[in-house]
Each structure stands twice: as structure tokens, then as C-alpha cells.
Amino acid sequence: MTGKRSMRLSSTRLSSNGSNKSSRTRARLSKETASSDAFASDNDTQESDDGARRIKRRKVTKSRVHKAIETHAFLFKNPGTIPPEPCSPTSQRQHSTSYHKPLFLCESRGLEHRQALLSWFDSVSTTRAMPWRKSWVNPSHEPDASALRKLLERRAYEVWISEIMLQQTRVAVVIDYWNRWMDKWPTIQDLAGADPEDVLAAWRGLGYYSRATRIHEAAKLVVQDPTMQGLLPSTASELEEKVPGVGRYTAGAISSIVFGRAAPMVDGNVLRVLSRQLGIYGNIKSDKMVIDTIWAAADALVRAVALDHLSIEDSKSEISDRPGRWGQALMELGSTICTPKPNCSQCPITASCRVYNEAKNMSQNKDGTVADIEDFCTICEPFEEDLSNDPGITALQETKANSKTADKKKAPKQLTLSGIRIYW
Ligand code: SF4
Ligand SMILES: [Zn+2]
């Protein structure tokens, strides 16, 4: 379970035959369904191995791996028709697996939803003044190959250091550390030649000192390796393979932000945002099936965003600033608006958010009839109780009743929705 929730749920008690069927189906399939990829987000480096070990392990068999791959392909590769309606009835969240097809990939409105998030990010990306956030280095704008290489070396190094520091502490704290680090070692070659004691001293206060040592060792390797010669690889797979301490999340961040490639970057914030957008209810910290499903979704979304570049800007280049902006937009939304207690009234992507629309349906007391669902979702944990008993919803109903009789000053609709407390 992921902390407090208004939609209080557990896997122990169910309220309808349908839910029980869902639970049984899930229990059966959870034995069969494997997570195919190792967990990694902001847990890229060795210190997080303990955390990774705490994740529920499911026995990996070929059939489970195959089932997971099949489910992800069904949801994200060719999503086809995407049901826009919230689950029905909302109080029990009965839904089929196809409910988790992302509205971001909807044929008719997907592009509009994707653009909404990017436009919002463009409007706020400089608000928090992060010095490592810079304009994308567009290779087609730099005709001099040697100058381009230098620019990319520098950007990859800057983003790499910022991402590792951001895994340690808050943005506001990292800003000072990052600025001091870059003043001292402006290039990866400078860092490679640094005194190990100086590196540890610059890291002091950030914690996990072995990370500082590992960054230093990795910098030396990247500078000395004849295939890299100071330039980090551009693909996520090569970054993970060649650079010690760089895991899936950091690799995705460097590949997309610096090199403009369609690589997913999923940290804790993105797990939360996408679980809500997709309406996946489950433990985003420990359930590998849920985590892997969100990584697969993030992969499909960033690919779609990268392809938008070809159609919107009529470009033939496969790389652009869009994948990096997209990944950072999801992280920014998760750290400023879609926080554990989300401020949906400020959210630019309510239209594509399953959870938001479920909450909206509940607030309007719309509850459908029990649907005849053959393919019950096997990803979500089942709901425990009828949400109409939720104090948040009761409070909302009281607010609505009062607003009819008292003055006409109603709380803004979306503000009221945040009273439902979507805490998952
Ligand atoms: S609508 Fe609310 S729950 Fe959905 S993504 Fe936005 S802030 Fe998060
Ligand atoms: Zn589900």
C-alpha cells in the first residue's frame, strides 16, 4: 500500500461477486505473470540494492515473462480502441485490463493530451531555476563536429551529475552542490583528474559517499575508454552497459535529455503520476508487476512523443528535444502538482487522468451498473470497500448540499475534487 488513501483499499475484503472474481483472477495470474525487467528508477546504484531486495519477488518463469510482455503489448504497443469512461461502477472499480490503455495514446485526443503536458512544462520549466536545465543541443544546428562533440560531452556530464545528486536530496539543496561541483570540475576530464579526497569533500552532506567515489571512477573510465573518450554513450542500453553506477533511470534521463532519444525515465514521481493517469491501483514502491507495467507505459509514451516531432514539425530526424522535455515534464508534475496529496485543480492533464475522472464521477454520484467484464484487470489490487463511505466524499456531498441552500459561492469544482483525496 502506498501510504494514506482516500480510496481506501486492501486486498483482503471485497464487496461484490465481480470483485471476488477479479481477486481470484488476479491471484491466479499474479502467479503466472512475471516482471521482466529489473526494478530501477532513482534506485540506480548499489546503495539501493537493499531497497530493490525489499520489492515483492515473484517467481520468474518463461510463461510469466511471456504473459507480462503480452499484457504490455496489448496495453501500449497498439492500443486500438481506448475506453474513455471511468470504471464502472466506480465504487468497486470493476474494470478490464484494457482500462489501463493510456488516454495519452488515444487516436482521437492523444496528441492533444501529450501537447497539454509539454506546453505546461514549457511554461514552468524555468520557475525553479535549476542550473542544469538548459536548451537542448540540436546537432543539426552545430555544423562543426568537434564543437558539437564538446557541447555534448559537457551536457551529458552536467545532466549525469545532476541526476545522481537529485537521487540524494531535494532540488533546492542540489542547486548549490551542483554549482560548486561544476565550478571545481567543469568537464568530465577535470573530474577524472581530480583528487579522490577532493571529490569526497565536495560530496560531503549529500550522503551515500560511495556514490561520489563511483562517479569519480566512472568519469576516469569514460575518459580513458577508447570508444567513449570522454563522451557518454547516447543510448540508454549502452549507458547502462558501459558506465558503472548508471542504472535504468539515469540512463533514460541522459539519453532523452541530452541526446534527444525516446528513452523512458521513471522515478518515484513519474510512477505516481502515471499510475494515476492509467488508473493502476497498486503499490508503486514494491509491486514489480505494477512497476514494470508503468515502465512499459512510459516507454510507449515517450516513443509517441518522439514521433509527434516527425508529424508536427515535419522533420525526418528521429531525435529532438521532445523526449527530454516529456520526461522532465512528468517529473516536474509529480514533484509540484501530482504530489502524494495532488492539487488536481492546477493539473494540466486532468482530461487524460483515469483517477481524476473516477473521482469526478463519484463526486457527481454517478455509479454505473455492474459491467459484464470477462477480462478482469490483473494488475490492480482489488478495492476493499464502498467509496461512498469515505469521509472525503461525505464531506464533499455535504459541501454540495450546503452550496445549494447557502450563498452561491461554490468551491471551484476541481478544488472540491481534491477534497476526495486521491492518495495513490
Ligand atoms: S489530475 Fe490529479 S491525480 Fe491526475 S495527474 Fe493530475 S494532479 Fe495527478
Ligand atoms: Zn486495473
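Residues numbered from 1 in each chain as written. Chains lettered and ligands numbered in written order. Predicted model: local features only at pLDDT ≥ 70, side-chain atom pairs only at ≥ 80, totals over all residues.

- The name an unreviewed UniProt entry gives the chain is Adenine DNA glycosylase, with Pochonia chlamydosporia 170 as the organism.
- According to the UniProt record, the Sequence similarities (unreviewed entry) comment for the chain reads "Belongs to the Nth/MutY family." (UniProt positions renumbered as here; feature names shortened; annotations may be inferred.)

1. So, the overall build of the chain
Next up, step 1: Along the chain, the regular secondary structure elements total 17 helices and 0 strands.
Next up, step 2: Within the chain, the proportion of its 424 residues that are buried is 42%.
Next up, step 3: Long-range pairs, those at least 24 residues apart, make up 74% of the contacts in the chain between residues at least 6 apart in sequence. (Helix = DSSP H or I, 4+ residues; strand = E, 2+ residues; numbered from the N terminus. Buried ≥ 20, exposed ≤ 12 C-beta atoms within 10 Å, placed from the backbone. Contact = placed C-beta atoms within 7 Å.)

2. Points about the site of ligand 1
Next up, step 1: The local shell around ligand 1 holds 14 residues, among which C338, C344, C347, C353 and Y356 are the closest.
Next up, step 2: Contributions of two or more residues to the shell around ligand 1 are made by α12 (268-278) and α15 (354-363).
Next up, step 3: Per-element accounting of the shell around ligand 1 gives the leading share, 3 residues, to α12.
Next up, step 4: Of the residues that constitute the shell around ligand 1, the class distribution is 11 nonpolar, 2 polar and 1 charged. (Near = placed C-beta within 6 Å. Nonpolar A, V, L, I, M, F, W, Y, C, P; charged D, E, K, R; others polar.)

3. A look at unusual backbone geometry
Next up, step 1: In this structure, A129 is a non-glycine residue whose phi angle is positive, near 45°.
Next up, step 2: Take A129: it is sitting in the loop between α4 (110-124) and α5 (145-166).
Next up, step 3: Here Q229, not a glycine, exhibits a phi torsion of approximately 45°, which is positive.
Next up, step 4: By the secondary structure assignment, Q229 is in the loop between α9 (209-224) and α10 (236-242).

4. Here's the deal with the environment of M265
Next up, step 1: Within the secondary structure, M265 is located in the loop between α11 (248-257) and α12.
Next up, step 2: On the basis of neighbour counts, which here come to 29 C-beta atoms within 10 Å, the residue M265 falls in the buried class.
Next up, step 3: A sequence separation of 10 residues divides M265 from S255, and the C-alpha atoms of the two residues are 9.2 Å apart.
Next up, step 4: Residue contacts for M265: discarding those within four places in its chain leaves Y249, G252, A253, S256, V270 and G327.

5. Side note on the confidence of the model for the chain
Next up, step 1: Averaged over every residue, the pLDDT of the chain is 79; the share at 70 or more is 72%.
Next up, step 2: Under a pLDDT of 50 for its full length, residues 1-55 has, in the predicted model, 126 contacts with residues more than four places off or in other chains.
Next up, step 3: The low-confidence segment residues 385-420 (pLDDT under 50) makes 45 contacts with residues lying over four places distant or belonging to another chain. (pLDDT = per-residue confidence, 0-100.)

6. Side note on the environment of C377
Next up, step 1: Mapped onto the secondary structure, C377 falls in the loop between α15 and α16 (391-405).
Next up, step 2: You can call C377 buried: it has 25 C-beta atoms within 10 Å.
Next up, step 3: C-alpha separation for the pair C377 and S96, spaced 281 residues apart in sequence, amounts to 4.5 Å.

7. Remarks on the packing of helix α13 (residues 288-312) against helix α14 (residues 322-336)
Next up, step 1: Following both chains from N to C, one finds α13 and α14 inclined at 140°, their axes separated by 8 Å at the closest point. In terms of their interaxial angle, α13 and α14 are classed as oblique. Classified by chirality, the crossing of α14 by α13 is right-handed. In this structure, α13 uses V302, V305, A306, D308 and H309 to contact α14, whose residues at the interface are R322, P323, W326 and G327. (Axes fitted to C-alpha atoms, helices over the stretch in contact; angles between N-to-C directions. Parallel < 35°, antiparallel > 145°, perpendicular 65-115°, else oblique. Left-handed = near helix turned anticlockwise from the far one by under 90°.)

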